[in-house]
Amino acid sequence: MCGIFAYLNYDVSRDRRYILEVLFNGLRRLEYRGYDSAGISIDSSSAAVHRPSDPPLVFRQEGNIESLVKSVYRDVSATDLNLEESFSIHAGIAHTRWATHGEPAPRNSHPQSSGAGNDFLVVHNGVITNYKVLQESLLRHGYTFESETDTEVIPKLAKFVFDKANEGGDQTVTFCEVVLEVMRHLEGAYALIFKSKHYPNELIACKRGSPLLLGVKEYAQEKSNGTSYNDMKFISKNGHPKELFLSSDAHALVEHTKKVLVIEDSEVVDIKDGGVTIFKFDHGKRDGKSHSIPASVQRALSILEMEAEQISKGKYDHYMQKEIHEQPESLTTTMRGRLIRGGTSKRKSVLLGGLKDHLKTIRRSRRIVFIGCGTSYNAALAARPILEELCGIPVMMEIASDLLDRQAPVYRDDTIIFVSQSGETADTLNALEYTLENGALCVGITNTVGSSIDRNTHCGVHINAGSEIGVASTKAYTSQIVVMAMVALAIGADSISTEQRREGIIESLINLPDKVREVLKLDQEMKDLARSLISEQSLLMFGRGYNYATALEGALKVKEVALMHSEGILAGEMKHGPLALVDENLPIVVIATRDQSFSKQQSVIQQLKARKGRLIVMCSEGDAEAVCGGSCPVIEVPQVVDCLQPVVNIVPLQLLAYHLTVLRGYNVDQPRNLAKSVTTE
Ligand code: UD1
Ligand code: BG6
């Protein structure tokens, strides 16, 4: 998904090369979100010699960040711009674009401009839904458009507002007034940063829907030597040397500062003269007083919990590989402090701090409804059976976009659980908004503290899996299942009849990281299997019960990264269509680990064999002979309690997808056309 980054240094001397590198590096940190083009804007002259006629420089390229970097240095070297020129104050903006309106091309990349003089420049995440109307009106006023984007209307509208306000002569309208007036006309979702040659060294950021964070690095003394930090909770006003960063994503901030402000919807942030002023914009208010500025609000900074090491690949070649292999640790972190010895008995129970005050309400619910997209939906599907079993409440599954398409009924006495790694997926957020309107209890399960799902749900659980950078979700999936199993244990904790069952699950949870460590030893075996599948067109995966989700998720991984057609199929549906595909060529993975579906899966294997199916069977350790009599490749995995078996079973399939991708020569971490967090509908 698109990424925004901006860097403003105030009273901290930085040369042009340094500023460029900070911007490029910010974009590199956003790469994982998925993008197809990128761009930046910096000043052509320093504040000391700035003339209003000096337009900011804009560089835009399709393709990856490195092709932008090359083109910028090439273009700069062709001019008399000095890379060593120092700026004691400077505002630069940058963007990675994931095409929605218009193909990937320099003209469609951001920053989008108001026109030839670059009077106003804008980087944008989100979608402006009324851009056609705005475009028509600007065309009537003589503006011409060079891109197919929805964004281009924004800088052009800013110029229109600016020119109109200054018709009388002297410039009186402030940058903030211009932006507020522009916002009054925008419909849709956005995070925006504005830069203008008329307001040098000032940036305005605002948001509605799409995420945006401000990072603050302040220096206690007058001049920075890059060492001393100020310990302020709030951002100091004018005067203090500081560096400010805006980003759609904490990953691009953490190497500079841990002090952040999560900008909220409708907030407008004006960064000027070393100060930061925040206004709350009222979308509903159209009082006709076009440039009136709302009162400013004060917001405290919060501290990012992320560590810079989390966003490096360490000893691994790819993030996906690293994230698959760190699952024993991520699962341990997910459970840390949540399995405690309870009451007078020495038995362990589950304590979920974020849910404990809401358990009574949840137990009284008419239904529990899971809502998510992609991998997060699959994780919820994996946890559904144990929730039904331990809670005795009907559990429904909803893909976020489908719930909205159907405008499905939601009741006040429903508990709706929103599952999202990023906490920013537009479809899931829209479903949350819809559900909140209907008065149900909204519970979030997310990996991202401070995300929109986190902030807008009534309560929830953080999965604490650590940063996940590979677009294909791996460690978040297993941590989500574990959290949902713990949610089931917490809701069902008041039932005596399931006590033994719950104890067995808790025991298995404690041993789970070790079992995952064991299953990771299949890495080489999965690489060999991948080699045997490298030129296949298609791969089917059959699962049922607890492992229907494993089949869906395994197939999703193969499809997403290895770019091979793959389908997860509910084994119970085999005879109702999929059987027609079976022949001696099409590879089929059958998941037949030990649980109550085992005998049914054995019969599926027999039926597939009878049709000369080309099988690969996943079974519990020691079952290879029993499941296929040595006649097909097997993936033997350690056995754990049935409801946690999906956590173990997905790991070899993640490894298979990873190796298939590398062997087929595709990009593992940024698969074609996909984004890590899809923040548009
Ligand atoms: C919390 C702290 C953790 C600390 C622990 C000690 C945070 C983020 N977590 O963890 O650092 O070690 O107490 O007791 O400060 N929430 C939502 N929606 C969501 C997810 C969470 O509203 O989608 C809410 C929860 O209801 C809760 C809060 O966020 O009020 C923190 O949730 P969580 O981190 O899961 O709580 P703890 O595990 O108790
Ligand atoms: C995108 C990602 O499609 O969004 C998937 O590419 C992910 O990996 C899905 O599962 C849902 O994202 P989230 O952040 O809501 O879990």
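Keep in mind the model is a prediction, meaning the values are calculated, not measured. Chains are numbered independently. Their residues run from 1 in the order of the written sequence. Lettering for chains starts from A, numbering for ligands starts from 1, and both go in the order in which the items are written. Two thresholds apply to this predicted model, a pLDDT of at least 70 for residue-level local features and 80 or more for giving and counting side-chain atom pairs, whereas whole-chain, interface and lining totals are computed over all residues. Only hydrogens and water are set aside; all other atoms, that is, all heavy atoms of the structure, feed into the side-chain values.

### Remarks on the pattern of salt bridges
Think of a salt bridge as a Lys or Arg side-chain nitrogen and an Asp or Glu carboxyl oxygen that are within 4 Å of each other. Summed over the entire model, instances satisfying the criterion amount to 38 salt bridges. Among the ionic pairs, Glu21 bridges to Arg28, the shortest N-O distance being 3.9 Å. Assessed through its relative accessible area of 31%, Glu21 is described here as partly exposed. The buried label goes to any residue with under 20% of its type's maximum accessible area, the exposed label to any with over 50%, and the partly exposed label to all in between, with areas taken from a 1.4 Å probe on protein chains only. Here Arg28 falls in the partly exposed class, since its relative accessible area comes to 26%. A cluster of three or more residues bridged by salt bridges with shared partners is formed by Asp119, Lys159, Asp163 and Lys197.

### Considering the sheet that holds strand β8 (residues 203-208)
When DSSP finds two or more bridges between a pair of strands, those strands are recorded as paired. Each helix is a run of DSSP H or I of at least 4 residues and each strand a run of E of at least 2, with the numbering of both proceeding from the N terminus. Ordered by their spatial adjacency, 7 strands build an open sheet running β5-β6-β7-β8-β12-β13-β14, and the pairing between neighbours is antiparallel. The open sheet terminates on both sides in strands that have one partner only, identified here as β5 (112-113) and β14 (296-297). Here strand β13 (residues 275-280) pairs with β14 via 2 bridges, running antiparallel. Bridged to Ile278 within β14 is Val297.

### A look at the packing of aromatic side chains
Put simply, two rings from Phe, Tyr or Trp (the six-membered ring, in Trp's case) pair if the centres are within 6.5 Å, and we call them stacked under 30 degrees between planes, edge-to-face over 60, tilted for the rest. The tally for this structure, following the rule as stated, stands at 10 aromatic pairs. Ring centres of Tyr7 and Phe245 lie 5.2 Å apart, and the angle between their planes is 20°; this geometry places the pair in the stacked category. With Tyr7 in strand β1 (residues 3-15) and Phe245 in strand β10 (residues 242-247), the pair connects residues that are 238 residues apart, well separated along the chain. On the basis of relative accessibility, which here comes to 0%, the residue Tyr7 falls in the buried class. Taking relative accessible area as the criterion, Phe245 reaches 1% and is therefore assigned buried. Summarising the aromatic geometry, the rings of Phe24 and Tyr73 are spaced 5.9 Å apart at their centres and angled 70° between planes, so their arrangement reads as edge-to-face. Here the residue Phe24 occupies a position in helix α1 (residues 16-30), and Tyr73 occupies one in helix α2 (residues 65-77), the gap between them amounting to 49 residues. Note on Phe24: relative accessible area 0%, which makes it buried. An aromatic cluster is defined as three or more aromatic residues linked by ring pairs; in this entry it consists of Phe5, Tyr7, Tyr18 and Phe245. Whether a charge sits over a ring comes down to the Lys NZ or Arg CZ being within 6 Å of the ring centre and within 35 degrees of the ring normal. When the ring centre of Phe145 is taken as reference, the NZ or CZ atom of Lys156 above it lies at 5.2 Å.

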